[in-house]
Amino acid sequence: MREKMAKRKATARNISIVLSRIQKQCADDVDDASFWAEQVNRICDGAGDFFGTEGQNDPRGDQRD
């Protein structure tokens, strides 16, 4: 069972493919887009200072005032 689940995980090798499939889901269905927007915001909000102290490297846009 664990071996099958490992095939379904994002890795450094397949992340581009995973993200392109998510992008297609978002383009095809507004409910999928809402789900992924929520997940991306949750992940980015929890990243702490990963994007810099003022969020200047946040992929969602420059967060400085």
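Our subject is the structure that appears above.
Rules behind the numbers
By convention here, each chain's residues receive numbers from 1 onward along its written sequence. Only residues with pLDDT of at least 70 get local features here, since the model is predicted, and only at 80 or more are side-chain atom pairs given and counted; chain-wide, interface and lining totals rely on the full set of residues. To obtain the side-chain values, all non-hydrogen atoms of the structure were used and water was disregarded. Only DSSP runs of H or I reaching four residues or more are called helices, and only runs of E reaching two or more are called strands; each is numbered from the N terminus. What a helix is expected to span follows from its residue count: subtract one and scale by 1.5 Å. Any pair of N or O atoms that falls within 3.5 Å is considered a polar contact. Within protein, one atom must be able to donate a hydrogen and the other to accept it, and sequence-neighbouring residues count only if both atoms are side-chain atoms. Definitions used for this entry: grid spacing 1 Å over protein atoms alone; cavity, a set of points where a 1.4 Å probe fits but cannot get out; pocket, an open set with protein on both sides within 12 Å along at least 5 of 7 lines; lining residue, one with an atom within 4 Å of a point. Grid points are joined across faces, edges and corners, and a volume is the space filled by probe spheres set on the points.

Colleague: Quick rundown of helix α3 (residues 30-45)? Include the residues and the values.
Modeller: Two residues of an α-helix separated by three or four positions point the same way, owing to the 3.6 residues in each turn. Under the 1.5 Å per step criterion, the end-to-end length of α3 is 22 Å for 16 residues, consistent within 8% with the ideal 22 Å. Two or three places before Asp31, at the opening of α3, Asp29 has a side-chain oxygen 2.7 Å from that residue's backbone nitrogen.

Colleague: Tell me about the layout of surface pockets, and name the residues and values.
Modeller: Roughly 220 Å³ of volume is contained in the largest pocket. Lining the largest pocket are Ile15, Val18, Leu19, Ile22, Trp36, Gln39, Val40, Arg42, Ile43, Cys44 and Phe51. Where the lining of the largest pocket is concerned, the elements lending two or more residues are α2 (15-28) and α3. Among the elements that line the lining of the largest pocket, the one with the most residues is α3, at 6 residues.

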